[in-house]
Amino acid sequence: MVQNQMTDASYPQVRIVSHRLLKPDTVESLLVRLVAIQGIRRIIMNGPSIPATVPYGPARGTENPHTDRRSITVGDEEIELRVQVGTFLLEVEKEDIIPLIERACEEVFVNFPYQVQQGRFMRSSPTQVDHAKYGPGADSRILGITDPSAKTGPTIIQGYK
Amino acid sequence: MAYTPQYGPGSSVVAENRRKQMNPSISLQKMRDVTDEDIVLILGHRAPGQAYPTAHPPLAEQGEPDCPIRKIVTPTPGAAAGDRVRYIQFADSMFNAPCQPYQRTYTEAYRFRGIDPGTLSGRQIVECRERDLEKYSQELINTNLFDPALTGIRGATVHGHSLRLAEDGMMFDMLQRCKLEGGVVNYVKNQIGEPLDKKVNVGKPQDAAWLKANTTMFHSLVGTSYRSDEEYVEYIKRIHSLRTKYGFMPVE
């Protein structure tokens, strides 16, 4: 099946978990190192949401100024952070670049511990919602890396290919 | 027969801290000096200096019915004046915050009058008459029940108590009501997330050693583990056993 191509391609996946939720500067400094590594296909950043407006309570709908909700620059792209990043999921082309990722983490996470784990962390087949939103012929690289209800898509950072 | 409350079981430092907080004959340790006006700003229920809006006329003017209970129970100042019922709500980080929801409710019930606490897993709210609330809030914020980094005063959008701390040691708050600036924590929004005209300084966060020694939470990784307190484990086993047997054969 076309939709399941992603499952068949068994690219190694890595999860970076820091023991602290990260400030945008730290995220930027790690991403800058990661994009310099050849062979990373996709990166997902996870963490608790920082909404643009107050979501609940009597102040609902009012603006929510937050110093950790801001843009960072990675490669030539601006990325608007909407979460306080705590986890990175990466899909790489070959296992031999994982030590490079570990080295980048070592350089950035100096004040607190972190873990780099290998396993299957990304969704491997489209859900019903993906199917409704992207259709049957969706680009398999997009599946599972953005929230289907989000209005914005993924950021594409020009790589080496 | 004279009854001496035990407040709680346990031989660990956590158990001792719990008893100390609950026992009204032990005064809470004063740690900081947040002023009345600053408390009013954080609460966000009225403007500082504004008269207390009322829900009913003062009891003295109202003409109370002839009721034996009303003769026994003295009304709190807020109830006597007919204040509105207002609230303060706290979220306590699981990383050794000095207090936690159940503990807060027990502590408040032992120490305060005329309150209606609501206990949830990640937050605890206490409702009472407005002027009583301000007085109790002073005690909840200025004493060892509060830590600027690990205790959040959050009326809504409380998410964060069970998350990893941020790099600077602050508990996650999606509304960033308080910020760590130059080593001290300043509230920049009131408890529901509306920006304040001036910052409210609530002092320096406590260090890890103080938190570990003063927390009322068990935590096997960053604090005292529950299993290390044999008396507590025995107590919980007994409660569990009695609950399970009750109705079938409620004997020990």
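Everything discussed here concerns the structure shown above.
All of the points below concern the structure found in this document. Throughout, a residue's number is its position along its own chain's written sequence, starting from 1. The naming scheme follows written order: chains are lettered A onward, ligands numbered 1 onward. Given that this is a predicted model, residues contribute local features only at a pLDDT of at least 70 and side-chain atom pairs are listed and counted only at 80 or more, while totals for whole chains, interfaces and linings are drawn from all residues. Side-chain metrics in this entry use all non-hydrogen atoms of the structure; hydrogen atoms and water are not considered.

Considering the overall build of chain A
The following threshold applies: Think of it this way: any DSSP run of H or I at least four residues long counts as a helix, any run of E at least two long counts as a strand, and we number them from the N terminus. With the radius of gyration taken over C-alpha atoms, the globule rule is written as 2.2 Å times the number of residues to the power 0.38. Only protein chains enter the area calculation, which uses a 1.4 Å probe; residues under 20% of their type maximum are buried, those over 50% are exposed, and those in between are partly exposed. Contact between two residues is taken to exist if any of their heavy atoms lie within 4.5 Å; hydrogens are not considered. For the accessible areas, the method is Shrake-Rupley and the probe is 1.4 Å, while residue cover comes only from the protein chains on display.
Helices and strands together make up the secondary structure of chain A, namely four helices and six strands. Sequence-ordered secondary structure for chain A, helices as α and strands as β, is α-β-α-β-β-β-β-α-β-α. The C-alpha radius of gyration computed for chain A amounts to 17 Å, which stays within 12% of the reference 15 Å derived for 161 residues, consistent with globular compactness. Referenced to the eigenvectors of the C-alpha coordinate spread, the extents of chain A come out at roughly 50 × 45 × 30 Å. Scored against the burial criterion, the 161 residues of chain A give a buried share of 34%. In chain A, 74% of the contacts between residues at least 6 apart in sequence involve partners at least 24 apart. For chain A, the computed accessible surface area is about 9,100 Å², with 48% contributed by carbon and sulfur atoms.

A look at a nonpolar patch on the surface
Note the following rule: Patch membership requires over 30% relative accessible area and the absence of a salt bridge. Like charges are linked within 9 Å, and nonpolar side chains (Val, Leu, Ile, Met, Phe, Trp, Tyr) within 5 Å. The salt bridge definition used is simple: a Lys or Arg side-chain nitrogen within 4 Å of an Asp or Glu carboxyl oxygen.
A cluster of nonpolar side chains, B:Ile69, B:Ile72 and B:Val73, forms an exposed patch at the surface whose accessible area comes to about 310 Å². On the basis of relative accessible area, B:Ile72 is assigned to the exposed category, the value being 65%.

Comments concerning the interface of chain B and chain A
For clarity, the threshold we go by: In short, buried area is how much 1.4 Å probe accessible area vanishes from two parts on joining, totalled over both. Ten residue types, Ala, Val, Leu, Ile, Met, Phe, Trp, Tyr, Cys and Pro, are classed as nonpolar, four, Asp, Glu, Lys and Arg, as charged, and the remainder, Gly among them, as polar.
Across the contact, 20 residues belong to chain B and 26 residues belong to chain A. Summed over both sides, the interface of chain B with chain A buries roughly 1,900 Å², with 58% coming from carbon and sulfur. Seen at the junction of chain B and chain A, the total is one salt bridge. Between B:Asp168 and A:Lys23 there is a salt bridge, and its shortest N-O distance comes to 3.5 Å. A breakdown of the residues in the side of chain B that touches chain A according to their chemical character gives eight nonpolar, five polar and seven charged.

Topic: the environment of B:Lys204
Residue and element names in this part refer to chain B. Of note, Lys204 is situated in the loop between strand 7 (195–201) and helix 8 (208–214). For Lys204, a relative accessible area of 60% gives the class exposed. Sequence spacing of Lys204 and Ala149 is 55 residues, and the spatial spacing of their C-alpha atoms is 8.1 Å. In this structure Lys204 touches Pro148, Gly183 and Val184, once residues within four positions along its chain are discounted.

As for the pairing of strand 1 (residues 85–92) of chain B
Residues and elements named next belong to chain B. Heads up, the condition is: Whether two strands pair comes down to DSSP finding at least two bridges between them.
Counting buried residues along strand 1, six of its eight residues qualify, which places the element largely inside the surrounding structure. By the bridge criterion, six bridges tie strand 1 to strand 3 (residues 124–129) in an arrangement that is antiparallel. The residue of strand 3 that forms the bridge with Phe90 is Gln124. Sheet topology note: the strand 1/strand 4 (residues 151–153) ladder contains three bridges and is antiparallel. If you follow Ala91 over to strand 4, its bridge partner there is Gly152.

Looking at the pattern of salt bridges
Residue and element names in this part refer to chain B. Overall, the coordinates contain 20 salt bridges over all chains when judged by the stated rule. One salt bridge in this structure joins Asp83 and Arg131, with 2.7 Å as the shortest N-O distance. One end of the pair, Asp83, is in the loop between helix 5 (77–81) and strand 1; the other, Arg131, is in helix 7 (residues 130–142), and 48 residues separate them in sequence. In this structure Asp83 comes out as buried when scored by relative accessible area, which is 0%.

Regarding the packing of helix 2 (residues 36–43) of chain B against helix 7 of chain B
Residues and elements named next belong to chain B. For clarity, the cut-off: To obtain each axis, a line is fitted to C-alpha atoms, and for helices this fit is confined to the stretch in contact; angles are then taken between N-to-C directions over 0 to 180 degrees. To sort the angles, those under 35 degrees are grouped as roughly parallel, those over 145 as roughly antiparallel, those from 65 to 115 as roughly perpendicular, and the leftovers as oblique.
Close contact between helix 2 and helix 7 brings their axes to 10 Å; oriented N to C, the two are set at 100°. Classed by the angle they form, the pair helix 2 and helix 7 counts as roughly perpendicular. Taken together, the residues of helix 7 that come into contact with helix 2 (itself represented by Asp36, Ile39, Val40 and Leu43) are Leu133, Glu134, Ser137, Gln138 and Ile141. Tallied by class, residues from the contact of helix 2 with helix 7 come to five nonpolar, two polar and two charged.

Here we look at the state of the cysteines
Residues and elements named next belong to chain B. Going by this rule: Sulfur atoms of two cysteines make up a disulfide when they are within 2.5 Å.
Taken as a whole, this structure holds zero disulfides over all chains when the rule is applied. For Cys99, which is in no disulfide, the shortest distance to another cysteine sulfur is to Cys128 and amounts to 16 Å. The class of Cys99 is buried, set by a relative accessible area of 0%.

Topic: the packing of helix 2 (residues 24–35) of chain A against helix 3 (residues 98–108) of chain A
Residues and elements named next belong to chain A. Convention followed: It is the rotation of the near helix from the far one that decides the hand of a crossing: anticlockwise by less than a right angle makes it left-handed, clockwise makes it right-handed.
For the pair helix 2 and helix 3, the least separation of the axes is 9 Å and the interaxial angle reads 150°. By the angle between their directions, the pair helix 2 and helix 3 is classed as roughly antiparallel. In this structure, the crossing between helix 2 and helix 3 has a hand that is right-handed. From helix 2, Thr26, Ser29, Leu30, Arg33 and Leu34 reach across to helix 3, where they touch Ile101, Ala104, Cys105, Glu107 and Val108. Of the residues assigned to the contact of helix 2 with helix 3, the class counts are six nonpolar, two polar and two charged.

As for the sheet that holds strand 3 of chain B
Residues and elements named next belong to chain B. If you trace the four strands from one edge of the open sheet to the other, you get 2-3-1-4, paired in antiparallel fashion. Each edge of the open sheet is held by one strand with a lone partner, namely strand 2 (116–119) and strand 4. Each strand axis lies, on average, 20° off the axis of its neighbour in the sheet, ignoring direction. With four bridges joining them, strand 2 and strand 3 adopt antiparallel strand pairing. Bridge pairing in strand 3 places Asp116 opposite Glu127.

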